[in-house]
Amino acid sequence: TPYEYYIGLKMLEARRLLLSGERNVTQIAGLLCFSSGSHFCAAFRKTFGQTPRQFVDTFRGENTLPDEIT
């Protein structure tokens, strides 16, 4: 649906912002127009099957980024 597509785009941007390390989860949630950090975390987990922290920890120190981000 258009809504799912829109959320998907927001989640791809969230991943990019998380990996940049310039903003925290609350800031990213606000930037992407989520009502709260917890709402953002729930949507992220529903989309990717892991929390934003788990995602960052997975890719920290690796030289490659997920294909959707590059």
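Above: the structure in question.
Procedures and definitions
- Residues numbered from 1 in each chain as written.
- Predicted model: local features only at pLDDT ≥ 70, side-chain atom pairs only at ≥ 80, totals over all residues.
- Heavy atoms only, no water.
- Helix = DSSP H or I, 4+ residues; strand = E, 2+ residues; numbered from the N terminus.
- Buried < 20%, exposed > 50% of the residue type's maximum accessible area, 1.4 Å probe, protein only.
- Lys, Arg positive; Asp, Glu negative; His and termini not counted.
- Salt bridge = Lys/Arg side-chain N within 4 Å of Asp/Glu carboxyl O.
- Contact = heavy atoms within 4.5 Å.

S.K.: Would you explain the side chain of K10 in this entry?
M.R.: Secondary-structure assignment places K10 in helix α1 (residues 2-20). Buried K10, no salt bridge; nearest opposite-charge side chain is E13, N-O distance 12 Å. Beyond its immediate chain neighbours, meaning those up to four positions away, K10 contacts L32, C33 and F34.

S.K.: Whenever I open this one, the pattern of salt bridges confuses me. Can you help?
M.R.: It is possible for side chains of opposite charge to pair when their charged atoms get near one another. Applying the stated criterion across every chain, the model contains two salt bridges. Between R16 and E13 there is a salt bridge, with the nearest N and O atoms lying 2.6 Å from each other. Taken together, the residues span about one helical turn, with R16 and E13 both in helix α1 at a distance of three residues. Of the residues examined, R16 reaches a relative accessible area of 39% and is grouped as partly exposed. Take E13: its relative accessible area is 28%, and that puts it in the partly exposed class.

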